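Coordinate inspection notes
Here's the letter readout for the chains.
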Amino acid sequence: MKRVAIAGSTGSIGTQTLEVIAESKSQGDELYELVALSVNSSVEAVIVQAQNFKPKIVVVANESARKIVAKELAITDPKIEVAADVAQMPSIADVVVNGVVGFAGLSVTIETLKAGKRLALANKESLIAAGPIVAPLRKISGAEIVPVDSEHCAIHQCLRSSQNVSHDVARLLLTASGGPFRGRTKISLEKVTIQDALKHPTWLMGPKITIDSSTLMNKGLEVIEAHELFGLDYQCIDVVVHPQSIVHSMVEFRDGATIAQLSLPDMRLPIAYALEYPQRSAVSFGAIDWTKLSRLDFEKPDSDTFRCLDLAYAAGRIGGTAPAWLSAANEIAVEAFLAGEVQWSQISVIIEATMQHHDGLIPTQVEDILEADKVARRWARDLVRKEVAS
Ligand code: MG
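Residues numbered from 1 in each chain as written. Predicted model: local features only at pLDDT ≥ 70, side-chain atom pairs only at ≥ 80, totals over all residues. Heavy atoms only, no water.

A word on the domain arrangement of the protein chain
As far as domains go, the protein chain holds domain 1 (2-147) and domain 2 (319-390). Contacts between domain 1 and domain 2 engage 10 residues on the former and 13 residues on the latter. It is F103, A129 and I133 in domain 1 that bury the most area against domain 2; as a group they hold 56% of the surface buried on that side. For the interface between domain 1 and domain 2, the tally reads 1 residue pair in polar contact (both at pLDDT 80 or more). Only α4 (106-114), α5 (124-129) and α6 (131-137) provide two or more residues apiece to the side of domain 1 that touches domain 2. (Domains from an automatic or database assignment. Contact = heavy atoms within 4.5 Å. Buried area = accessible area lost by both parts, 1.4 Å probe. Polar contact = N/O pair within 3.5 Å; in protein donor to acceptor, adjacent residues only side chain to side chain. Helix = DSSP H or I, 4+ residues; strand = E, 2+ residues; numbered from the N terminus.)

So this is what it looks like as structure tokens:
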């Protein structure tokens with residue numbers, strides 16, 4: 001039995017990981033033992049999860065939330081330990097699923113790799129912000145990242161057709177649905193509402209990543225994520241818009257052949273893949289009914305209207321702490337948009353203006369990343385305030 005820990009267990013990835021575990025159990029396969037859950041502050045939801053799945057540890061970051069969870073579980077399930085820190089999760093698990101939203105997922109990424117365990121990574125921000133710090137940790141014996149982000153999971157699968165990746169690969173092609181505003185002009189996007197931006201055409205996801213999809217920042221962050229995961233230069237990573245979200249990404253090889261991974265948009269497939277790799281999961285998610293699939297479309301992304309894609313390429317090429325700045329500025333801008341403080345069209349403006357202040361620091365330790373994140377957030381908040389005032 002594989003011991004699984006889930007960080008961010010009440011979010012979209014966390015709940016779908018629990019579905020994969022439950023589904024496998026309902027088919028009679030006792031493949032997984034859920035050993036740990038972690039949340040920030042979702043009290044009610046994590047209590048129910050703990051009561052259903054009986055993990056060994058429940059980590060609750062927020063102190064007052066932790067007290068409530070501890071009090072409740074002491075009555076219903078006194079064997080479950082309620083803890084404050086994610087650091088002890090990897091030691092009792094074989095796989096840690098990182099489904100935390102945003103930069104807050106960094107400690108899970110670092111602790112899991114340090115413990116020499118498999119990281120099933122859905123939290124792209126930790127890898128993007130801390131690429132130079134995470135890279136050496138991947139050399140630790142037993143440490144490995146299996147991507148859960150659907151595009152990178154697809155590339156991970158496609159690359160298995162090559163015996164010599166650095167020799168064989170010509171380029172990676174990340175597919176993008178284009179989000180809810182695909183085909184729209186700059187002017188028509190000036191007054192879109194939060195509800196409009198939250199209407200993703202193909203994927204059901206949390207609000208932060210759904211807004212990121214509407215600006216194409218999600219794809220921009222994924223370009224940096226692909227660079228970090230697979231070690232290819234930015235000139236060998238391209239984005240193609242594919243509105244059906246059936247082709248999850250592709251790899252083009254030197255001889256002209258392209259290998260793609262296709263399935264219906266269902267995150268449970270990449271989650272199960274990351275749990276079972278190098279085997280294939282016995283539980284099937286997202287298999288295609290070819291009698292119903294009539295077409296697959298592809299087009300060039302509109303990087304003039306959706307500025308965030310180029311901003312991400314630029315930050316990726318600068319490297320160092322630039323991706324950390326980009327991701328931090330984006331988190332602040334998206335928060336401000338979701339709070340109704342700024343317009344959707346101002347998100348890219350705030351990020352671009354924040355990047356103007358990037359200090360070029362080369363990170364050598366985690367503290368440098370935390371500091372870069374803090375400084376970038378301060379600049380971004382300042383710029384939000386200015387936008388609100390104007
Ligand atoms: Mg993705």
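Now that the structure is up, let's keep going.
Re the coordination of the magnesium ion
Summarising the metal site, the magnesium ion is bound by the protein donors D149 (OD), E151 (OE) and E222 (OE), whose distances to it range over 2.0 to 2.1 Å. All donor residues of the magnesium ion come from one chain, and their arrangement in sequence is D-x1-E-x70-E. With E151 in helix α7 (residues 150-158) and E222 in helix α11 (residues 217-230), the pair connects residues that are 71 residues apart, well separated along the chain. Both residues of the pair, E151 and E222, count as buried. (Donors = N, O, S within 2.8 Å, 3.2 Å for Na, K, Ca; no water. Buried < 20%, exposed > 50% of the residue type's maximum accessible area, 1.4 Å probe, protein only.)

Examining the nonpolar core
I145, L172, F230, V251, L326, W344 and I351 are the most contacted members of the largest nonpolar core, which totals 73 residues. For this core, the element with the highest residue contribution is helix α14 (residues 322-338), accounting for 11 residues. Here this core gathers at least three residues from each of two domains, domain 1 (2-147) and domain 2 (319-390). Membership of the second largest hydrophobic core comes to 36 residues, among which are I13, V20, A272 and Y273. (Core = buried A, V, L, I, M, F, W, Y, C linked by side-chain atoms within 4.5 Å.)

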